[in-house]
Amino acid sequence: MGPLVVNEIISPDTNLFLAFLIGIGFGFVLESSGFSSSRKLAGMFYGYDTTVLKVFFTAAITALLGMLFFSLFGWVDLSLIYINPTFLHSAIVGGVIMGAGFIMGGFCPGTAFCAISIGKLDALAFIGGLFIGIVAFTEGYPMFEELYKAEFMGTPTINEFLGLSRGLFSFGLIAAAFGMFWVGEWAEKKFPREEY
Amino acid sequence: MNEVKKTKYWNPYIGGVMLGLVLLSANFISGRGLGASGALKSVVVTTVNTVAPDHAENTAFYKDYNETHKNPMKSWLVFQVFGVLVGGFLSGTFAKRLKFKVEHSPKISSKRRLIFALIGGAFFGFGSQLGRGCTSGSALSGMAVLSLGGFITMACIFGTAFGLAYFFRKNWI
């Protein structure tokens, strides 16, 4: 049955319309969870507000479990789902640069869109910065191409890489997430803050 | 401890489950995850194609991109990001949070906040291109499909932000 567009149950144009609706859900949930506030997002890195950790990992394990059950019930063919390819070097260097951008700018691209939609002007500056950074990459591409394409590993999943079954790894990840939630709750009590 | 204030935002675990369901529907309907930075890349490529078509034809990145993408603006992520703007606006409207403001710690000026937001954005924009996706596209969506690269990028984003937090603490606490 799923994914619907790959199995031609819906047309590519319908898919784009549904992308818009999915985006509305995405933006609504981000804003309602407080991701339109840079001080709330940055709070994660100082322990005074671990909302990011809780929302992010709850979302990841919910989607992960959902996919696992959908595939078990035969509702979705996992082999047709896009798996992000792994280019080891650019995944690491890109991630480190993004992490630096996160602590300086207080947003990531998705949350910046969410914040600008309710009028946060610091998000507007962040989005301006995003354009600068993207243009720097596209214009200087020949310089970065080697790093960009280095150590291509295909599309491995982390459980294959570790030699575990999908279910077992998911179980471990869920246990780890609950451990992190516990630490997050503890940290919020230790470093109290105001609500932004 | 401070007195407990009533939170105006959703409970984070409920928010997380809702976000997970949105991500699950994206995978179920479209066979792909959520994203954000890819839509900005579409805007950049389209702008270059329109403003400087000669430059687009003679520059490696745009040439490659245009060969594989007929119309960069007619992409899943562009439509999804328009949705994010509408969804965020709706939520902000219901919660009465619509307001033009520069949010910053009382210890720093608006100007300082805006400068750091711009610099941080530039870093994030560059990193998202090199890393093939940002927190949504690579880290969150990648994790949901158990992509090895997604986990690596997620660990590097959060690890670096934690590691550098001390140096930027004046901006936030």
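On record in UniProt, under Subcellular location (unreviewed entry), the comment for chain B is "Cell inner membrane". As its UniProt record puts it under Sequence similarities (unreviewed entry), chain B is described as follows: "Belongs to the TsuA/YedE (TC 9.B.102) family."

Under an unreviewed UniProt entry, the name given to chain A is Sulfurtransferase, and the source organism is Ancylomarina salipaludis.

1. A closer look at helix H4 (residues 88-105) of chain A
Given 3.6 residues per turn, any residue in an α-helix points the same way as the ones three and four places further on. Residues and elements named next belong to chain A. Between the first and last C-alpha of H4 there are 25 Å, a value that for 18 residues agrees with the 26 Å anticipated at 1.5 Å per step. Burial analysis of H4 places 14 of its 18 residues in the buried class, which makes it a mostly covered element. Downstream of H4 by one or two residues, Gly106 has phi in the positive range, about 75°.

2. Brief notes about the interface of chain B and chain A
Between chain B and chain A, the residue contacts involve 111 residues of the former and 111 residues of the latter. When residues of the side of chain B that touches chain A are traced back to their parent elements, those giving at least two are helix H1 (12-30), helix H2 (37-51), helix H4 (60-68), helix H5 (76-94), helix H6 (110-130), helix H7 (135-144), helix H8 (148-165) and helix H9 (169-172) of chain B. Sort the elements by how many residues they give to the side of chain B that touches chain A and H1 of chain B lands first, with 18 residues. Among the residues forming the side of chain B that touches chain A, the class breakdown is 64 nonpolar, 36 polar and 11 charged.

3. Observations regarding the UniProt feature "transmembrane region" (unreviewed entry) in chain A
UniProt annotation of "transmembrane region" (unreviewed entry) refers to residues 16-35, 55-76, 88-116, 123-144 and 164-183 of chain A when read in the numbering used here. Along residues 123-144 of chain A the backbone is 95% helical and 0% strand, and the end-to-end C-alpha distance reaches 27 Å.

4. Things to note about the UniProt feature "transmembrane region" (unreviewed entry) in chain B
Residues and elements named next belong to chain B. Sites flagged by UniProt as "transmembrane region" (unreviewed entry) map to residues 12-30, 76-94, 114-131 and 143-168. A helix fraction of 94% and a strand fraction of 0% characterise residues 114-131, whose end C-alpha atoms lie 25 Å from each other. Note that residues 143-168 is 77% helix and 0% strand, and that its end C-alpha atoms are spaced 28 Å apart.

So, how was this worked out
- Residues numbered from 1 in each chain as written.
- Chains lettered and ligands numbered in written order.
- Predicted model: local features only at pLDDT ≥ 70, side-chain atom pairs only at ≥ 80, totals over all residues.
- UniProt positions renumbered as here; feature names shortened; annotations may be inferred.
- Helix = DSSP H or I, 4+ residues; strand = E, 2+ residues; numbered from the N terminus.
- Expected span 1.5 Å × (residues − 1).
- Buried ≥ 20, exposed ≤ 12 C-beta atoms within 10 Å, placed from the backbone.
- Contact = placed C-beta atoms within 7 Å.
- Nonpolar A, V, L, I, M, F, W, Y, C, P; charged D, E, K, R; others polar.

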